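Now for the letters of each chain:
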Amino acid sequence: SEQFNVSSYAATVVAIVTLEAFAGMWINAFIVSMICMSWIKKKTLNSNEKILLVLGFSRFGYLCIAWLYSFLSIIYPQSLFVYHIYQLIESAGSFFNCSHLWVSACLCVFYCIKIANFSNSFFISLKGKIDRIVPCLLLGSLLFSLVVGILVYDVTDKVLCKNRNLTSQGIIWKASIRIDEHFFPIYFIVGFFFATSFIIVTFSALLLLFSLWRHKRNMQTNSMKDLSMDAHIKAMKSILSFLVMYSINFMGLIFILVYLMRNKNEEIFLIYLIQYAFPGVHSLILIFSNPKLEKTMLRILPFVKSKFCMK
C-alpha cells in the first residue's frame, strides 16, 4: 500500500511538472518565434524586443532542464549518478535559472528608466542612453549566469567526488549522499544572485510607483490629462507582477533550504511545482501587456483549441 502511494505521488508530480513545463515552453517559444519573425521583417529590434527575446530563450531552456531533472529524479534516479550527468544538469539549470531572473530584472530596469519621470540630471542622461545600455545589460546578465553555472558545476563535482563509491566500471556514484550537504552550497550561490535581482526589481518598482504618484498629484493640481499616465499604470502592473512572483520564488528558495536540511523531499517537490509555474505565467502576463503579441495570441488560441478538439 505504501509503495502504491509513493508511485501514485511520483506519477502525479511528473504529470503536473510536465504540464507546467510544456505549457511554459510553448508560451516562451511563441514569444521567441514572434520576435524573430518581426526581426526578419524589420531587420532590427527595439530594446524591449531584445530583452523579451533573450528572456524567452532563457525561460525555454530553464523549463527544459527543470522538466528533465524532475523526470529523471522521480522516474529514473539512477541516471543522475552517472558521472558528469548530474553536474551538467545542475550547472545548466542554474545558468538558465539565473539568466531568466536577471533578464527579468533588466526588463524592470528598462521599464523604470524609460517610463518614470525624474528631474535628476543623471536619470535624464540614463534615459537618453538606455537603448545603448540594454545590450550591455543583457550580455552582463548572461556572463553572470555563466559564472554561476560554472561555480555550481565545480561545487557539485567536488561534493560528489567526496562521496563517490565507484563500481567495477567506475561510472556509478554512491546514492546515499546527504541531500543537505549536496544542495546547500548550490542554493547559496543561486540564492545570492536571486536576492540581488530581487532587490533590483523591488527598487525599480518603488521608483516607478513614486513617479506614478507624482504624476497623479500633478494631474490633480493642474487639472490636465497626462498621456504618460497609461504607460505608467501598464508598466506598474507588469513590474508588480514581477515583484509578486519574485517574492513567491524567493520564499520558495528559503523553504527549500529549510526542507533540504531536514531531508523532506516531498515538500521540496511541492515548492518546485510552484516555482516551475513562474516562467510560463509571467511570460503570459508579458504577452497580454504587449498589444502585438496579445493580438497574435488571441488569433492562434482558437486555432489550437480546434485542433485539439478534433483529435
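Note that this is a predicted model, so its numbers are computed, not measured.

Colleague: I keep staring at the overall build of the chain and nothing clicks. Help me out?
Modeller: Scanning the chain for helices and strands turns up eight helices and zero strands. Reading the helices (α) and strands (β) of the chain from amino to carboxyl end gives α-α-α-α-α-α-α-α. With 311 residues in all, the chain has 44% of them scored as buried. Put simply, 76% of the contacts in the chain that link residues at least 6 apart link residues at least 24 apart. Taken as a whole, the chain presents about 17000 Å² of accessible surface, with 70% of it coming from carbon and sulfur.

Colleague: Sorry if this is basic, but what is going on with unusual backbone geometry here?
Modeller: Both trends apply: most residues other than glycine have a negative phi, and most peptide bonds are in trans. Notably, Lys43 is not glycine yet its phi reads approximately 65°, a positive angle. Here Lys43 is to be found in the loop between helix 1 (2-42) and helix 2 (47-75). Since its relative accessible area comes to 67%, Lys43 is described here as exposed.

Colleague: Would you mind going over helix 3 (residues 85-115) with me for this structure?
Modeller: An α-helical segment advances 3.6 residues per turn. Residues three or four places apart therefore align on the same side. With 31 residues, helix 3 extends 45 Å between its outermost C-alpha atoms, agreeing within 8% with the 45 Å of an ideal straight helix rising 1.5 Å per residue. The buried fraction of helix 3 amounts to 24 of the 31 residues, a majority that puts the element mostly inside the structure.

Colleague: Can you walk me through a nonpolar patch on the surface in this structure?
Modeller: Where nonpolar side chains cluster on the molecular surface, the patch consists of Trp26, Leu284, Phe288, Leu298 and Leu301 and spans about 430 Å² of accessible area. Looking at the nonpolar patch, the elements that each hand over two or more residues are helix 7 (265-288) and helix 8 (291-310). Tracing the backbone through its elements, the reader meets Leu298 in helix 8. Of the residues examined, Leu298 reaches a relative accessible area of 46% and is grouped as partly exposed.

Colleague: Is there a simple way to explain the UniProt feature "transmembrane region" (unreviewed entry) in the chain in this structure?
Modeller: UniProt feature "transmembrane region" (unreviewed entry): in the numbering of this structure it lies at residues 6-39, 51-72, 92-113, 133-153, 186-210, 239-262 and 268-289. The annotated region residues 51-72 carries 100% helix and 0% strand content, and the separation between its end C-alpha atoms amounts to 32 Å. Structurally, residues 133-153 is divided into 100% helix and 0% strand, and its ends, taken at the C-alpha atoms, are 30 Å apart.

Parameters and conventions
Residues numbered from 1 in each chain as written. Predicted model: local features only at pLDDT ≥ 70, side-chain atom pairs only at ≥ 80, totals over all residues. Heavy atoms only, no water. Helix = DSSP H or I, 4+ residues; strand = E, 2+ residues; numbered from the N terminus. Buried < 20%, exposed > 50% of the residue type's maximum accessible area, 1.4 Å probe, protein only. Contact = heavy atoms within 4.5 Å. Areas by Shrake-Rupley, 256 points an atom, 1.4 Å probe, with all protein chains shown as cover. Expected span 1.5 Å × (residues − 1). Patch = residues over 30% accessible without salt bridge, like charges linked within 9 Å, V, L, I, M, F, W, Y side chains within 5 Å. Salt bridge = Lys/Arg side-chain N within 4 Å of Asp/Glu carboxyl O. UniProt positions renumbered as here; feature names shortened; annotations may be inferred.

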